Number of protein chains: 2
Amino acid sequence: MRRTGSASRPSARAGNTRQALVDAAVDVLRHEGFAAATARTVAGRAGCNQGLVFYYFGSVVDLLLAALDEVSEQRRRRYEEALAGVGGLGDLVDLAARIFAEDLESGDAALLVEMIAGATSTPGLGVAVKARLVPWAQFAAAALEPISSRSALAGLAGAGEIAHATVALYLGLELLSHLDGDTAPALALFERARRLAPLADMAGLWTGKDQTSPTTTEEK
Amino acid sequence: MRRTGSASRPSARAGNTRQALVDAAVDVLRHEGFAAATARTVAGRAGCNQGLVFYYFGSVVDLLLAALDEVSEQRRRRYEEALAGVGGLGDLVDLAARIFAEDLESGDAALLVEMIAGATSTPGLGVAVKARLVPWAQFAAAALEPISSRSALAGLAGAGEIAHATVALYLGLELLSHLDGDTAPALALFERARRLAPLADMAGLWTGKDQTSPTTTEEK
DNA sequence: GTCTATACTTGGATAGAC
DNA sequence: GTCTATCCAAGTATAGAC
(Lines give C-alpha, C1' and ligand atoms only; values in the text may rest on other atoms or scores of the structure.)
Protein backbone atom coordinates (compact mmCIF):
# COMPACT_ATOMS: atom_id res chain seq x y z
CA MET A 1 0.00 0.00 0.00
CA ARG A 2 1.10 3.52 -0.68
CA ARG A 3 2.51 5.66 2.11
CA THR A 4 2.42 9.39 2.30
CA GLY A 5 5.72 11.09 1.62
CA SER A 6 6.96 11.89 5.09
CA ALA A 7 7.85 9.50 7.85
CA SER A 8 5.03 10.47 10.20
CA ARG A 9 2.58 7.81 11.30
CA PRO A 10 -0.29 7.53 8.85
CA SER A 11 -2.83 7.42 11.71
CA ALA A 12 -6.39 8.18 10.74
CA ARG A 13 -5.68 10.48 7.85
CA ALA A 14 -5.21 9.22 4.34
CA GLY A 15 -3.40 12.04 2.67
CA ASN A 16 -5.89 14.72 3.55
CA THR A 17 -4.91 16.41 6.75
CA ARG A 18 -7.32 19.26 6.39
CA GLN A 19 -10.26 16.89 6.29
CA ALA A 20 -8.82 14.87 9.16
CA LEU A 21 -8.75 18.02 11.25
CA VAL A 22 -12.38 18.79 10.46
CA ASP A 23 -13.40 15.25 11.31
CA ALA A 24 -11.46 15.35 14.55
CA ALA A 25 -13.03 18.69 15.46
CA VAL A 26 -16.47 17.22 14.84
CA ASP A 27 -15.60 14.33 17.07
CA VAL A 28 -14.27 16.47 19.91
CA LEU A 29 -17.18 18.91 19.77
CA ARG A 30 -19.62 16.01 19.79
CA HIS A 31 -18.20 14.21 22.77
CA GLU A 32 -16.04 16.63 24.75
CA GLY A 33 -17.74 19.94 24.15
CA PHE A 34 -16.75 23.42 23.07
CA ALA A 35 -14.37 24.18 25.92
CA ALA A 36 -12.38 21.02 25.23
CA ALA A 37 -12.06 21.75 21.53
CA THR A 38 -8.55 23.21 21.61
CA ALA A 39 -6.01 23.16 18.84
CA ARG A 40 -3.89 20.63 20.70
CA THR A 41 -6.74 18.27 21.50
CA VAL A 42 -8.17 18.30 18.01
CA ALA A 43 -4.82 17.98 16.28
CA GLY A 44 -3.94 15.14 18.60
CA ARG A 45 -7.08 13.30 17.63
CA ALA A 46 -6.40 13.97 13.96
CA GLY A 47 -2.94 12.52 14.40
CA CYS A 48 -1.10 15.61 13.32
CA ASN A 49 0.66 18.63 14.74
CA GLN A 50 -1.09 21.42 16.54
CA GLY A 51 0.38 24.08 14.28
CA LEU A 52 -1.49 22.70 11.29
CA VAL A 53 -4.73 23.96 12.72
CA PHE A 54 -3.47 27.48 12.13
CA TYR A 55 -1.86 26.62 8.83
CA TYR A 56 -5.17 25.38 7.43
CA PHE A 57 -7.75 27.42 9.28
CA GLY A 58 -5.98 30.42 10.72
CA SER A 59 -7.61 30.02 14.10
CA VAL A 60 -9.32 27.43 16.26
CA VAL A 61 -12.71 29.08 15.92
CA ASP A 62 -12.57 28.88 12.17
CA LEU A 63 -11.81 25.18 12.40
CA LEU A 64 -14.82 24.71 14.65
CA LEU A 65 -17.02 26.58 12.22
CA ALA A 66 -15.77 24.33 9.45
CA ALA A 67 -16.77 21.38 11.62
CA LEU A 68 -20.22 22.86 12.10
CA ASP A 69 -20.52 23.38 8.37
CA GLU A 70 -19.58 19.78 7.78
CA VAL A 71 -22.32 18.25 9.90
CA SER A 72 -24.87 20.90 8.97
CA GLU A 73 -24.47 20.05 5.32
CA GLN A 74 -24.65 16.31 5.98
CA ARG A 75 -27.76 16.69 8.09
CA ARG A 76 -29.48 19.04 5.69
CA ARG A 77 -29.04 16.60 2.83
CA ARG A 78 -30.31 13.69 4.86
CA TYR A 79 -33.28 15.61 6.18
CA GLU A 80 -34.44 16.82 2.81
CA GLU A 81 -34.08 13.38 1.37
CA ALA A 82 -36.20 11.91 4.16
CA LEU A 83 -38.76 14.69 3.94
CA ALA A 84 -39.60 13.75 0.38
CA GLY A 85 -41.36 10.60 1.55
CA VAL A 86 -43.61 12.30 4.07
CA GLY A 87 -47.30 12.14 3.29
CA GLY A 88 -49.07 12.90 6.53
CA LEU A 89 -48.68 14.00 10.11
CA GLY A 90 -47.94 10.47 11.18
CA ASP A 91 -45.08 10.27 8.71
CA LEU A 92 -43.79 13.63 9.81
CA VAL A 93 -43.71 12.69 13.46
CA ASP A 94 -42.02 9.41 12.58
CA LEU A 95 -39.42 11.35 10.66
CA ALA A 96 -38.89 13.87 13.45
CA ALA A 97 -38.54 11.08 15.99
CA ARG A 98 -36.03 9.24 13.85
CA ILE A 99 -34.02 12.35 13.07
CA PHE A 100 -33.91 13.43 16.66
CA ALA A 101 -32.90 10.00 17.91
CA GLU A 102 -30.14 9.87 15.33
CA ASP A 103 -28.83 13.33 16.11
CA LEU A 104 -28.91 12.54 19.79
CA GLU A 105 -27.08 9.27 19.29
CA SER A 106 -24.47 10.60 16.90
CA GLY A 107 -23.87 13.73 18.92
CA ASP A 108 -24.68 16.04 16.03
CA ALA A 109 -27.29 17.82 18.09
CA ALA A 110 -24.79 18.18 20.90
CA LEU A 111 -22.29 19.72 18.54
CA LEU A 112 -24.80 22.33 17.48
CA VAL A 113 -25.74 23.15 21.05
CA GLU A 114 -22.10 23.42 22.09
CA MET A 115 -21.38 25.84 19.30
CA ILE A 116 -24.39 27.98 20.18
CA ALA A 117 -23.60 28.06 23.87
CA GLY A 118 -19.90 28.53 23.27
CA ALA A 119 -20.65 31.50 21.08
CA THR A 120 -21.52 33.48 24.18
CA SER A 121 -17.92 33.74 25.24
CA THR A 122 -16.34 34.20 21.84
CA PRO A 123 -16.93 37.58 20.21
CA GLY A 124 -18.21 37.32 16.68
CA LEU A 125 -19.01 33.63 16.88
CA GLY A 126 -22.67 34.28 17.57
CA VAL A 127 -23.52 35.75 14.22
CA ALA A 128 -21.45 33.14 12.40
CA VAL A 129 -23.33 30.32 14.11
CA LYS A 130 -26.65 32.00 13.57
CA ALA A 131 -25.99 32.22 9.85
CA ARG A 132 -25.36 28.48 9.80
CA LEU A 133 -28.60 27.88 11.66
CA VAL A 134 -30.78 29.43 8.99
CA PRO A 135 -30.98 26.27 6.87
CA TRP A 136 -32.19 24.28 9.87
CA ALA A 137 -34.97 26.76 10.53
CA GLN A 138 -35.89 26.75 6.87
CA PHE A 139 -36.02 22.99 6.85
CA ALA A 140 -38.28 23.00 9.89
CA ALA A 141 -40.52 25.58 8.26
CA ALA A 142 -40.74 23.55 5.08
CA ALA A 143 -41.47 20.33 6.92
CA LEU A 144 -44.18 21.97 8.97
CA GLU A 145 -45.65 23.88 6.08
CA PRO A 146 -48.62 21.53 5.55
CA ILE A 147 -49.55 22.11 9.17
CA SER A 148 -48.77 25.75 9.60
CA SER A 149 -50.20 27.16 6.43
CA ARG A 150 -52.80 24.76 5.10
CA SER A 151 -54.31 23.03 8.08
CA ALA A 152 -56.98 23.76 10.59
CA LEU A 153 -54.33 25.62 12.52
CA ALA A 154 -53.49 27.93 9.65
CA GLY A 155 -53.94 31.50 10.68
CA LEU A 156 -53.67 30.65 14.35
CA ALA A 157 -49.91 30.72 14.29
CA GLY A 158 -47.37 31.80 11.71
CA ALA A 159 -45.17 29.27 9.97
CA GLY A 160 -42.05 31.02 11.22
CA GLU A 161 -43.26 30.88 14.78
CA ILE A 162 -43.95 27.18 14.68
CA ALA A 163 -40.61 26.49 13.06
CA HIS A 164 -38.79 28.57 15.66
CA ALA A 165 -40.51 26.72 18.47
CA THR A 166 -39.69 23.39 16.89
CA VAL A 167 -36.00 24.16 16.58
CA ALA A 168 -35.98 25.47 20.14
CA LEU A 169 -37.60 22.31 21.42
CA TYR A 170 -35.08 20.21 19.51
CA LEU A 171 -32.18 22.10 21.05
CA GLY A 172 -33.66 22.12 24.52
CA LEU A 173 -34.30 18.40 24.51
CA GLU A 174 -30.71 17.80 23.46
CA LEU A 175 -29.48 20.09 26.22
CA LEU A 176 -31.39 18.13 28.83
CA SER A 177 -30.53 14.74 27.41
CA HIS A 178 -26.85 15.49 27.29
CA LEU A 179 -26.77 16.70 30.86
CA ASP A 180 -26.74 13.22 32.28
CA GLY A 181 -26.64 11.10 29.18
CA ASP A 182 -30.23 10.10 29.71
CA THR A 183 -32.05 10.22 26.40
CA ALA A 184 -35.07 8.35 27.68
CA PRO A 185 -37.32 11.36 28.48
CA ALA A 186 -36.77 12.92 25.06
CA LEU A 187 -37.35 9.67 23.24
CA ALA A 188 -40.46 8.99 25.30
CA LEU A 189 -41.80 12.36 24.25
CA PHE A 190 -41.42 11.51 20.59
CA GLU A 191 -42.93 8.12 21.17
CA ARG A 192 -45.92 9.85 22.68
CA ALA A 193 -46.20 12.22 19.75
CA ARG A 194 -46.05 9.25 17.43
CA ARG A 195 -49.01 7.68 19.13
CA LEU A 196 -50.98 10.90 19.14
CA ALA A 197 -50.29 11.75 15.51
CA PRO A 198 -53.09 9.63 14.01
CA LEU A 199 -55.63 11.42 16.19
CA ALA A 200 -54.45 14.84 15.12
CA ASP A 201 -54.29 13.65 11.55
CA MET A 202 -57.96 12.76 11.65
CA ALA A 203 -58.77 16.06 13.28
CA GLY A 204 -57.65 17.84 10.15
CA LEU A 205 -54.24 19.04 11.21
CA TRP A 206 -52.70 17.89 7.99
CA THR A 207 -53.91 18.65 4.54
CA GLY A 208 -52.63 17.37 1.23
CA LYS A 209 -50.74 19.31 -1.34
CA ASP A 210 -53.64 21.04 -3.11
CA GLN A 211 -56.46 20.65 -0.68
CA THR A 212 -57.35 23.97 0.85
CA SER A 213 -60.78 23.34 2.34
CA PRO A 214 -62.72 20.17 3.21
CA THR A 215 -65.58 21.10 0.86
CA THR A 216 -64.37 19.56 -2.39
CA THR A 217 -63.87 15.84 -2.96
CA GLU A 218 -61.78 16.21 -6.07
CA GLU A 219 -58.80 13.89 -6.05
CA LYS A 220 -57.17 12.98 -2.81
CA MET B 1 -18.75 56.50 55.52
CA ARG B 2 -17.17 53.47 57.10
CA ARG B 3 -14.30 51.71 55.40
CA THR B 4 -13.44 48.07 55.67
CA GLY B 5 -10.37 47.35 57.71
CA SER B 6 -7.73 46.98 55.05
CA ALA B 7 -6.62 49.57 52.55
CA SER B 8 -8.21 47.92 49.55
CA ARG B 9 -10.83 49.80 47.56
CA PRO B 10 -14.30 49.19 48.93
CA SER B 11 -15.66 48.48 45.40
CA ALA B 12 -18.96 46.68 45.25
CA ARG B 13 -18.63 44.62 48.38
CA ALA B 14 -19.79 45.78 51.75
CA GLY B 15 -17.93 43.54 54.12
CA ASN B 16 -19.03 40.27 52.61
CA THR B 17 -16.54 39.10 50.06
CA ARG B 18 -17.98 35.65 49.74
CA GLN B 19 -21.33 37.04 48.66
CA ALA B 20 -19.64 39.54 46.37
CA LEU B 21 -17.92 36.65 44.62
CA VAL B 22 -21.19 34.80 44.15
CA ASP B 23 -22.85 37.93 42.78
CA ALA B 24 -19.96 38.58 40.44
CA ALA B 25 -20.05 34.96 39.24
CA VAL B 26 -23.76 35.33 38.54
CA ASP B 27 -23.06 38.45 36.57
CA VAL B 28 -20.24 36.96 34.51
CA LEU B 29 -22.15 33.76 33.76
CA ARG B 30 -25.16 35.81 32.73
CA HIS B 31 -23.38 38.10 30.33
CA GLU B 32 -20.05 36.54 29.36
CA GLY B 33 -20.80 32.86 29.54
CA PHE B 34 -19.27 29.77 31.07
CA ALA B 35 -15.92 29.90 29.30
CA ALA B 36 -15.35 33.46 30.48
CA ALA B 37 -16.16 32.65 34.07
CA THR B 38 -12.58 32.27 35.31
CA ALA B 39 -11.29 32.96 38.78
CA ARG B 40 -9.53 36.10 37.58
CA THR B 41 -12.51 37.55 35.74
CA VAL B 42 -14.97 36.90 38.53
CA ALA B 43 -12.67 38.12 41.29
CA GLY B 44 -11.92 41.21 39.25
CA ARG B 45 -15.61 41.99 38.97
CA ALA B 46 -16.07 41.36 42.67
CA GLY B 47 -13.26 43.79 43.38
CA CYS B 48 -11.09 41.33 45.21
CA ASN B 49 -8.15 39.07 44.66
CA GLN B 50 -8.23 36.00 42.54
CA GLY B 51 -6.95 33.77 45.33
CA LEU B 52 -10.06 34.36 47.39
CA VAL B 53 -12.06 32.26 45.00
CA PHE B 54 -10.10 29.26 46.20
CA TYR B 55 -10.11 30.38 49.79
CA TYR B 56 -13.90 30.50 49.88
CA PHE B 57 -14.96 27.89 47.37
CA GLY B 58 -11.97 25.63 46.82
CA SER B 59 -12.36 25.71 43.05
CA VAL B 60 -13.89 27.76 40.29
CA VAL B 61 -16.55 25.18 39.50
CA ASP B 62 -17.80 25.22 43.06
CA LEU B 63 -18.14 28.98 42.89
CA LEU B 64 -20.15 28.65 39.71
CA LEU B 65 -22.40 26.09 41.31
CA ALA B 66 -22.95 28.47 44.21
CA ALA B 67 -23.94 31.10 41.66
CA LEU B 68 -26.38 28.69 40.08
CA ASP B 69 -27.82 27.91 43.49
CA GLU B 70 -28.27 31.60 44.16
CA VAL B 71 -30.39 32.35 41.12
CA SER B 72 -32.21 29.03 41.23
CA GLU B 73 -33.41 29.77 44.72
CA GLN B 74 -34.45 33.32 43.83
CA ARG B 75 -36.35 32.14 40.77
CA ARG B 76 -38.05 29.29 42.55
CA ARG B 77 -39.40 31.59 45.22
CA ARG B 78 -40.64 34.10 42.70
CA TYR B 79 -42.25 31.46 40.53
CA GLU B 80 -44.14 29.78 43.32
CA GLU B 81 -45.34 33.11 44.59
CA ALA B 82 -46.64 34.03 41.17
CA LEU B 83 -48.18 30.62 40.60
CA ALA B 84 -50.49 31.09 43.57
CA GLY B 85 -52.55 33.64 41.67
CA VAL B 86 -53.14 31.48 38.59
CA GLY B 87 -56.74 30.50 37.99
CA GLY B 88 -56.94 29.45 34.37
CA LEU B 89 -54.99 28.73 31.24
CA GLY B 90 -54.97 32.39 30.32
CA ASP B 91 -53.40 33.27 33.66
CA LEU B 92 -50.87 30.49 33.27
CA VAL B 93 -49.76 31.62 29.84
CA ASP B 94 -49.53 35.19 31.10
CA LEU B 95 -47.34 33.98 33.93
CA ALA B 96 -45.15 31.88 31.65
CA ALA B 97 -44.74 34.78 29.25
CA ARG B 98 -43.81 37.16 32.03
CA ILE B 99 -41.39 34.75 33.68
CA PHE B 100 -39.71 33.92 30.43
CA ALA B 101 -39.36 37.57 29.41
CA GLU B 102 -37.88 38.35 32.82
CA ASP B 103 -35.43 35.47 32.74
CA LEU B 104 -34.42 36.42 29.24
CA GLU B 105 -33.93 40.05 30.17
CA SER B 106 -32.07 39.40 33.39
CA GLY B 107 -29.91 36.70 31.90
CA ASP B 108 -30.97 34.10 34.44
CA ALA B 109 -32.03 31.75 31.69
CA ALA B 110 -28.71 32.31 29.98
CA LEU B 111 -26.87 31.42 33.17
CA LEU B 112 -28.71 28.13 33.40
CA VAL B 113 -28.04 27.28 29.78
CA GLU B 114 -24.37 28.14 30.11
CA MET B 115 -23.99 25.88 33.12
CA ILE B 116 -25.72 23.02 31.33
CA ALA B 117 -23.69 23.38 28.16
CA GLY B 118 -20.47 23.98 30.08
CA ALA B 119 -21.04 20.80 32.03
CA THR B 120 -20.11 18.82 28.93
CA SER B 121 -16.46 19.70 29.23
CA THR B 122 -16.14 19.55 33.00
CA PRO B 123 -16.24 16.05 34.50
CA GLY B 124 -18.72 15.73 37.31
CA LEU B 125 -20.44 19.01 36.64
CA GLY B 126 -23.26 17.38 34.72
CA VAL B 127 -24.77 15.54 37.66
CA ALA B 128 -24.35 18.55 39.93
CA VAL B 129 -26.24 20.77 37.51
CA LYS B 130 -28.89 18.17 36.93
CA ALA B 131 -29.57 17.95 40.64
CA ARG B 132 -30.14 21.70 40.69
CA LEU B 133 -32.52 21.42 37.78
CA VAL B 134 -34.95 19.16 39.57
CA PRO B 135 -36.83 22.02 41.29
CA TRP B 136 -37.40 23.73 37.95
CA ALA B 137 -38.90 20.58 36.49
CA GLN B 138 -41.03 20.12 39.57
CA PHE B 139 -42.27 23.67 39.32
CA ALA B 140 -43.18 23.16 35.69
CA ALA B 141 -44.99 19.95 36.54
CA ALA B 142 -46.93 21.66 39.33
CA ALA B 143 -47.85 24.61 37.16
CA LEU B 144 -49.04 22.37 34.37
CA GLU B 145 -50.81 19.96 36.64
CA PRO B 146 -54.32 21.31 35.93
CA ILE B 147 -53.68 20.69 32.26
CA SER B 148 -51.78 17.48 32.33
CA SER B 149 -53.81 15.54 34.84
CA ARG B 150 -57.28 17.00 35.02
CA SER B 151 -58.04 18.39 31.58
CA ALA B 152 -59.29 17.05 28.32
CA LEU B 153 -55.71 16.12 27.60
CA ALA B 154 -55.33 14.01 30.71
CA GLY B 155 -54.32 10.51 29.77
CA LEU B 156 -52.99 11.61 26.41
CA ALA B 157 -49.67 12.63 27.85
CA GLY B 158 -48.02 12.20 31.22
CA ALA B 159 -47.43 15.15 33.48
CA GLY B 160 -43.72 14.46 33.53
CA GLU B 161 -43.55 14.43 29.78
CA ILE B 162 -45.29 17.77 29.41
CA ALA B 163 -43.10 19.32 32.08
CA HIS B 164 -39.96 17.98 30.44
CA ALA B 165 -41.00 19.40 27.09
CA THR B 166 -41.83 22.74 28.67
CA VAL B 167 -38.45 23.07 30.34
CA ALA B 168 -36.76 22.01 27.09
CA LEU B 169 -38.68 24.64 25.14
CA TYR B 170 -37.73 27.26 27.71
CA LEU B 171 -34.05 26.39 27.42
CA GLY B 172 -34.13 26.13 23.65
CA LEU B 173 -35.78 29.50 23.22
CA GLU B 174 -33.16 31.06 25.45
CA LEU B 175 -30.41 29.39 23.45
CA LEU B 176 -31.73 30.85 20.22
CA SER B 177 -32.48 34.26 21.67
CA HIS B 178 -29.05 34.60 23.15
CA LEU B 179 -27.34 33.69 19.91
CA ASP B 180 -27.82 37.11 18.39
CA GLY B 181 -29.46 38.97 21.22
CA ASP B 182 -32.75 38.91 19.39
CA THR B 183 -35.51 38.07 21.83
CA ALA B 184 -38.27 39.03 19.43
CA PRO B 185 -39.09 35.56 18.07
CA ALA B 186 -39.38 34.04 21.51
CA LEU B 187 -41.50 36.87 22.84
CA ALA B 188 -43.72 36.74 19.75
CA LEU B 189 -44.30 33.07 20.46
CA PHE B 190 -45.52 33.79 23.95
CA GLU B 191 -47.64 36.61 22.66
CA ARG B 192 -49.24 34.16 20.28
CA ALA B 193 -49.86 31.68 23.06
CA ARG B 194 -51.41 34.43 25.10
CA ARG B 195 -53.90 35.17 22.36
CA LEU B 196 -54.70 31.52 21.83
CA ALA B 197 -55.15 30.71 25.49
CA PRO B 198 -58.78 31.83 25.77
CA LEU B 199 -59.72 29.51 22.92
CA ALA B 200 -58.08 26.52 24.52
CA ASP B 201 -59.57 27.50 27.84
CA MET B 202 -63.05 27.27 26.37
CA ALA B 203 -62.20 23.99 24.72
CA GLY B 204 -61.80 22.42 28.13
CA LEU B 205 -58.04 22.32 28.43
CA TRP B 206 -58.17 23.71 31.91
CA THR B 207 -60.29 22.42 34.72
CA GLY B 208 -60.77 23.87 38.13
CA LYS B 209 -59.50 22.41 41.34
CA ASP B 210 -62.26 19.85 41.93
CA GLN B 211 -63.72 19.30 38.52
CA THR B 212 -62.63 15.92 37.23
CA SER B 213 -65.04 15.02 34.48
CA PRO B 214 -68.21 16.53 33.06
CA THR B 215 -70.28 13.43 33.97
CA THR B 216 -70.14 13.15 37.73
CA THR B 217 -70.11 15.84 40.35
CA GLU B 218 -68.89 13.50 43.04
CA GLU B 219 -65.49 14.17 44.50
CA LYS B 220 -62.50 12.35 43.21
C1' DG C 1 -9.41 37.72 55.52
C1' DT C 2 -7.05 39.71 52.15
C1' DC C 3 -3.13 40.63 49.54
C1' DT C 4 1.33 39.65 46.77
C1' DA C 5 4.05 36.47 44.68
C1' DT C 6 4.83 32.50 42.47
C1' DA C 7 4.75 27.56 40.66
C1' DC C 8 2.74 24.99 37.33
C1' DT C 9 -0.19 23.94 33.32
C1' DT C 10 -2.50 24.65 29.19
C1' DG C 11 -3.60 27.00 25.08
C1' DG C 12 -3.17 30.25 20.88
C1' DA C 13 -0.15 31.51 17.58
C1' DT C 14 4.37 32.07 14.92
C1' DA C 15 9.18 30.97 13.01
C1' DG C 16 11.97 28.13 10.80
C1' DA C 17 14.02 23.50 9.69
C1' DC C 18 13.11 19.76 6.65
C1' DG D 1 2.93 20.30 4.16
C1' DT D 2 4.48 18.86 8.20
C1' DC D 3 7.20 18.97 12.21
C1' DT D 4 9.97 20.98 16.18
C1' DA D 5 10.72 24.60 18.95
C1' DT D 6 9.40 28.51 21.07
C1' DC D 7 6.95 32.77 22.73
C1' DC D 8 3.45 34.68 25.17
C1' DA D 9 -0.92 35.04 27.48
C1' DA D 10 -4.10 33.22 30.61
C1' DG D 11 -5.67 30.01 33.89
C1' DT D 12 -5.70 27.11 38.45
C1' DA D 13 -3.98 26.66 42.66
C1' DT D 14 -0.84 27.37 46.70
C1' DA D 15 2.40 29.71 50.08
C1' DG D 16 3.25 33.14 52.92
C1' DA D 17 3.34 38.15 54.34
C1' DC D 18 0.35 41.41 56.63
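Given the structure is predicted, the values throughout are model-derived calculations rather than measurements.

Visitor: Quick rundown of the overall build of chain A? Include the residues and the values.
Guide: When its secondary structure is counted, chain A shows nine helices and zero strands. In sequence order, chain A lays out its α and β elements as α-α-α-α-α-α-α-α-α. Per-residue burial for chain A yields a buried fraction of 43% across its 220 residues. Long-range contacts, defined here as pairs at least 24 residues apart, represent 68% of the contacts in chain A between residues at least 6 apart. Taken as a whole, chain A presents about 11,000 Å² of accessible surface, with 56% of it coming from carbon and sulfur.

Visitor: I'd like a description of the interface of chain A and chain B, backed by residues and values.
Guide: The partner chain B presents 41 residues to the 41 residues of chain A that form the contact. Interface area, chain A with chain B, both sides summed: about 3,400 Å², of which 72% is carbon and sulfur. Applying the counting rule to chain A against chain B returns four salt bridges. If you look at where chain A meets chain B, you find six residue pairs in polar contact (both at pLDDT 80 or more). Of all elements in the fold, only α6 (108-118), α7 (125-148), α8 (159-180) and α9 (184-205) of chain A reach the threshold of two or more residues within the side of chain A that touches chain B. Residue contributions to the side of chain A that touches chain B peak at 14 residues, all from α8(A). Grouping the amino acids of the side of chain A that touches chain B by side-chain chemistry returns 25 nonpolar, 10 polar and six charged.

Visitor: Run through the packing of aromatic side chains, naming residues and quoting values.
Guide: Summed over the entire model, instances satisfying the criterion amount to 14 aromatic pairs over all chains. Their ring planes at 80 degrees and their centres at 5.4 Å tell us that Phe100(B) and Tyr170(B) sit as a pair that is edge-to-face. Separated by 70 residues along the polypeptide, Phe100(B) in helix α5 (residues 89-106) and Tyr170(B) in helix α8 (residues 159-180) bring together distant segments of the chain. According to the relative accessible area criterion, Phe100(B) is buried, its value standing at 1%. Using a relative accessible area of 14% as the deciding quantity, one classes Tyr170(B) as buried. Feature note: the residues Tyr79(A), Phe100(A), Trp136(A), Phe139(A), Tyr170(A) and Phe190(A) constitute an aromatic cluster, connected by ring pairs.

Visitor: So what's going on with the relation of the copies chain A and chain B? Which residues, and what values?
Guide: The two copies are related by a screw motion: chain A maps onto chain B through a turn of 180 degrees and a shift of 0.0 Å along the axis, at an RMSD of 0.1 Å. Accordingly, the operation relating the two chain copies is best matched by a two-fold axis. Of all interface residues in chain A, 100% are interface residues in chain B too; the two copies therefore contact each other through one and the same surface.

Visitor: Can you lay out the protein's contact with DNA strand D for me, pointing to particular residues and giving the numbers?
Guide: In the vicinity of DNA strand D lie 15 residues, with Thr17(A), Asn49(A), Tyr56(A), Arg40(B) and Phe54(B) positioned nearest. Considering DNA strand D, the proportion of its atoms within 4 Å of the protein that are sugar or phosphate atoms stands at 60%. Tyr56(A) is positioned such that a nitrogen or oxygen atom in its side chain is 2.3 Å from a phosphate oxygen of DNA strand D. In this structure, a base nitrogen belonging to DNA strand D sits 2.8 Å away from a side-chain N or O atom of Gln50(B). Listed by contribution, the elements that provide at least two residues to the surface near DNA strand D are α3 (51-57) of chain A together with α2 (39-46) of chain B. Ranked by the residues each element gives to the surface near DNA strand D, the list is headed by α3(A), at three residues. The residue makeup of the surface near DNA strand D, split by class, is seven nonpolar, six polar and two charged.

Visitor: Explain the packing of α8(A) against α8(B) residue by residue, including any values.
Guide: Contact pair α8(A) / α8(B): the axes reach a minimum separation of 6 Å and the direction vectors enclose 105 degrees. As judged from the angle between their axes, α8(A) and α8(B) are roughly perpendicular. Counted together, His164(A), Ala165(A), Val167(A), Ala168(A), Leu169(A), Leu171(A), Gly172(A), Leu173(A), Leu175(A) and Leu176(A) of α8(A) and His164(B), Ala165(B), Val167(B), Ala168(B), Leu169(B), Leu171(B), Gly172(B), Leu173(B), Leu175(B) and Leu176(B) of α8(B) form the full contact between these two elements. Here the contact of α8(A) with α8(B) is composed, by residue class, of 16 nonpolar, four polar and no charged.

Calculation rules
Note on numbering: residues in each chain are counted from 1, in written sequence order. Chain letters and ligand numbers both follow the written order, the letters beginning at A and the numbers at 1. This being a predicted model, a pLDDT of at least 70 is required before a residue's local features are given, and a value of 80 or more before pairs of side-chain atoms are given or counted; all residues contribute to the totals for chains, interfaces and linings. Hydrogens are left out, water is left out, and the side-chain values use all remaining heavy atoms of the structure. The helix count covers DSSP runs of H or I at least four residues long, the strand count covers runs of E at least two residues long, and both are numbered beginning at the N terminus. Categorising residues by exposure relies on relative accessible area from a 1.4 Å probe, with only protein chains included: less than 20% of the type maximum marks a residue as buried, more than 50% marks it as exposed, and the intermediate range marks it as partly exposed. Note on contacts: a residue pair qualifies if any of its non-hydrogen atoms lie within 4.5 Å across the two residues. Calculation of accessible area relied on Shrake-Rupley with a 1.4 Å probe; when residues are assessed, cover is drawn exclusively from the protein chains displayed. By buried area we mean the combined loss of accessible area, with a 1.4 Å probe, across both parts when two parts are placed together. By convention in these notes, a salt bridge is any Lys or Arg side-chain nitrogen within 4 Å of a carboxyl oxygen on Asp or Glu. In protein, a polar contact requires one atom able to donate a hydrogen and another able to accept it; more generally it is a pair of N or O atoms within 3.5 Å, and residues adjacent in sequence count only if both atoms are side-chain atoms. Residue classes follow a fixed rule: Ala, Val, Leu, Ile, Met, Phe, Trp, Tyr, Cys and Pro count as nonpolar, while Asp, Glu, Lys and Arg count as charged, and any other residue, Gly among them, counts as polar. Classification of ring pairs rests on two measures: the distance between centres of Phe, Tyr or Trp rings, Trp counted by its six-membered ring, which must be within 6.5 Å, and the angle between planes, read as stacked under 30 degrees, edge-to-face over 60 and tilted in between. Superposing copies: least-squares fit, C-alpha atoms only, residues required to have pLDDT of at least 70 in both. By convention in this text, a residue qualifies as near a molecule or strand provided that one of its non-hydrogen atoms is within 4 Å of it. Comment: axis = line fitted to C-alpha atoms, over the contacting stretch for helices; angle = value between 0 and 180 degrees taken between N-to-C directions. Should an angle lie under 35 degrees it is considered roughly parallel, over 145 roughly antiparallel, and from 65 to 115 roughly perpendicular; all remaining angles are considered oblique.

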